[in-house]
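Topology and contacts: notes
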Amino acid sequence: MTIAPNLAGAWRYRQFILSSIRAEIRARFTRSRLGGLWMIVHPLAQAAVFALVLAEVMGARLSGLSSDRFAYALYLLSGMLAWSLFSELVTRCLTLFIDNGNLLKKMPFPRICLPLIVTGSALLNNVLLLIAIIVVFAFSGHVPSVHLVWMPALMLLTLAVGLGVGLLVGVFNVFVRDVGQVVPVVLQFGFWLAPIAYTPDIVPPTLRRLLYLNPMTPIVRGYQDVMLFGRAPDAAGLAWLTVVALVLLGAALVLFRRATPEMVDVL
Amino acid sequence: MNEPILSVARLGKAYRSYKSEWLRMLSWFGVSVGYSTEHWALRDVSLGVAAGEAVGIVGQNGAGKSTLLKLIAGTLSPSEGEVRARGRIAAILELGMGFNPEFSGRQNALHATGLMGIARDEVAHAMPEIESFAEIGEYFDQPLRTYSSGMQMRVAFAVATAFRPEVLIVDEALSVGDAYFQHKSFGRIRQFKEKGTALLFVTHGLADIRALCDRVVLLDRGRMVREGAPDEVVDYYNAMIAEREKTTVAVEQIRLGDGWLRTRSGTGEATLAELTLTDADSNQELKSVRVGERIVLTARIRVHDSIPRLVLGYMLRDRVGNLVWGTNTWHTGQVVENLHAGETVEYTLCFTCNLGPGSYSFSPALVSTDTHLERNYEWTDNALVFEVINTDKQYFVGTNWLDAGFQIRRDGSH
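How each quantity is defined
- Residues numbered from 1 in each chain as written.
- Chains lettered and ligands numbered in written order.
- Predicted model: local features only at pLDDT ≥ 70, side-chain atom pairs only at ≥ 80, totals over all residues.
- Heavy atoms only, no water.
- Helix = DSSP H or I, 4+ residues; strand = E, 2+ residues; numbered from the N terminus.
- Expected span 1.5 Å × (residues − 1).
- Buried < 20%, exposed > 50% of the residue type's maximum accessible area, 1.4 Å probe, protein only.
- Axes fitted to C-alpha atoms, helices over the stretch in contact; angles between N-to-C directions.
- Parallel < 35°, antiparallel > 145°, perpendicular 65-115°, else oblique.
- Left-handed = near helix turned anticlockwise from the far one by under 90°.
- Contact = heavy atoms within 4.5 Å.
- Nonpolar A, V, L, I, M, F, W, Y, C, P; charged D, E, K, R; others polar.
- Polar contact = N/O pair within 3.5 Å; in protein donor to acceptor, adjacent residues only side chain to side chain.
- Pairing = 2+ DSSP bridges.
- Buried area = accessible area lost by both parts, 1.4 Å probe.
- Salt bridge = Lys/Arg side-chain N within 4 Å of Asp/Glu carboxyl O.

**Overview of helix 8 (residues 151-175) of chain A**
Taking 1.5 Å of rise per residue, 25 residues should cover 36 Å, and helix 8 of chain A covers 36 Å from first to last C-alpha, within 8% of that figure. The buried fraction of helix 8 of chain A amounts to 20 of the 25 residues, a majority that puts the element mostly inside the structure.

**Focus on the packing of helix 2 (residues 14-29) of chain A against helix 7 (residues 113-139) of chain A**
All names here are of chain A. At their nearest, the axes of helix 2 and helix 7 sit 9 Å apart, and the two run at 45 degrees to each other. The angle between helix 2 and helix 7 falls in the class oblique. Here helix 2 and helix 7 pass one another in a crossing that is right-handed. Facing helix 2, whose interface residues are Phe16, Ile17, Ser20, Ile21, Glu24, Ile25 and Arg28, helix 7 presents Cys113, Leu116, Ile117, Gly120, Ser121, Leu124 and Asn125. A per-class count over the contact of helix 2 with helix 7 returns eight nonpolar, four polar and two charged.

**Thoughts on the side chain of B:Glu269**
Residues and elements named next belong to chain B. Mapping Glu269 onto the fold places it in the loop between strand 11 (261-266) and strand 12 (270-279). We classify Glu269 as buried; its relative accessible area is 14%. In terms of polar contacts, Glu269 uses its side chain to reach the side chain of Thr267, at 2.5 Å. Glu269 has contacts with Arg302, Val303, His304, Asp305, Ile307, Arg375 and Tyr377, leaving out every residue within four places of it along the chain.

**Structural notes on the sheet that holds strand 3 (residues 54-58) of chain B**
Residues and elements named next belong to chain B. Judged by pairing direction, the sheet is mixed, and its six strands sit side by side in the order 5-6-7-3-8-9 without closing on themselves. Of all strands in the sheet, those bounded by a partner on one side alone are strand 5 (89-92) and strand 9 (223-228). For this sheet, the mean inter-axis angle between neighbouring strands, taken without regard to orientation, is 15 degrees. Where strand 3 and strand 8 (residues 215-220) come together, four bridges link them in parallel fashion. When the sheet's bridge partners are listed, Gly56 is paired in strand 8 with Val216. Strands strand 3, strand 6 (167-171) and strand 7 (198-202) of the sheet are contacted by helix 6 (residues 179-194), whose axis makes an angle of about 150 degrees with strand 6.

**Some points on the interface of chain A and chain B**
Where interface size is given, it is often the accessible area lost as the parts come together that is meant. Contacts between the two partners involve 35 residues from chain A, matched on the other side by 29 residues from chain B. For the pair chain A and chain B, the summed buried area comes to about 3,200 Å², and 61% of that belongs to carbon and sulfur atoms. There are three salt bridges connecting chain A and chain B. The closest approach of N and O atoms between A:Glu262 and B:Arg24, which form a salt bridge, is 2.7 Å. Elements with a contribution of two residues or more to the side of chain A that touches chain B: helix 2, helix 6 (101-106), helix 8 and helix 12 (235-266) of chain A. Considering every element that reaches the side of chain A that touches chain B, the biggest residue donor is helix 12 of chain A, with nine residues. Residues of the side of chain A that touches chain B, tallied by class, amount to 21 nonpolar, five polar and nine charged.

So, in structure tokens, the structure goes:
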């Protein structure tokens, strides 16, 4: 079957994948003044809001951070860089097959192309955001340390987790549409269940373990270590998470493969 | 018969529903869960299409035509049976799939051929051909959103048919754009066929089927009910539709000695007793008619049951089934009303035979209104077959005698 997900098949369709990614980027740039800047402005603005409300208005003091007045904003940005990649992958994959229903019904092509397109464009967005954040860091006097070399590995790990979760919920959503309503809510919880807007120290020790139920927690910590604290991430924790991510991604691919023949029937 | 390039064996597609969709997902992993209902959209269809052969698929909505095409194209997975093809299968199930409004025609051509799995260098090679076939001039490098819908269709068709596949599947896509472009699209499809592409297509235009297909398959409620020569199957299909709409006694088909197929259907309240063709002057019955001869077509109708209205319609068709002329007494305002059992009605139709040489047929229909769908008393395809011969006119071809004359004037002294 040509439509069954396999990477060899997808290679023949690389032209389509690349030009689809290009189409998405172009869609952002054309006919809007700031164009592609919007995808950087959004997370930056969100970080600014958090920084303003939590740090300035509510006067939250985050222990473990230096008294530098930018520290909290930079802390936020590091975590949000990880979270934005994860949540973009999950949200996009969630409705991926439903949105492309007509294409799936009318054109025979390897179905794996669709998540690959999402992966490509999400990754590209994230790299641009990373560059923007590094610039922001530089302005506030923070020069990135050598530990930034960990970044590609961290991104790949985020990608594996995000794609694994995204594909699972995306396939489920084709058959059970309630999933599409539940996932955004769960994502909201997920955001607050990771130490992005706060440091783990302010969480009561009894609840702290709860944070580690969230696979994004070790990743977010890793981003903060590499970006802000200038130290290597906790390798043991990440190794453990890599195993989890690979199992998750493998399970998602198996489900995707099994679901492919019947997916079009219910779209 | 050469080896079929496309073969479909006992193909079937079932749509199953489960008590819960989660149970459906469990079933993919070998857990045996019973489904609650099962609906076969298509079952037991076997078909072979040879290189260069065109097969049309007809049937009412829901007969399984699109399901069959999607199974062959590979977007649907069969529940049983298999599809085997030698070479590339291309499917035009909808024109312009994957097109992006922000891309130019050229970029869309690259994008959409990528979606067809065609390598970039091959596309680059074919690009001038795509551009010239679409004939939209400098618009080819403008964003697609600035196109008229006709222009979009032109590019879409040019892209979809840029590479000759071994098997081409077309669903209702041939009636695109203006008459000129339609003609051109037909030409390209014919060219593919001549070069050995096996064609498979669905259309509601029965005239297209007659013009392009070597064989027609009739699907009904997911089953293949008939397969054969276009005229045979299309006439049977027409009779079947009439039968669906109202109760028809039966549909019967006889192959006449000279190759014409007579299909008769109807409820039988009024039937054709006699249909003759005579010379208007001599009253002699005719089997062959001279071009330009005045002739009379006489139909005697016997009424077997009281009916409120009777309309007689004629269709005149040529050898390949093209409709040459047709009308009925509803359109001419000559409806006969309140008929009783035992009556006979005689209709005469007087005309000059301005037809070109060849074989033609009259198909009379006895109905109650302007179409045969309300009440179809009797419909007989090819009830009367006659030959038109050219004895006294200069040589000409075509189905029409135009009585045209050349005037030639030469100028200059060289």
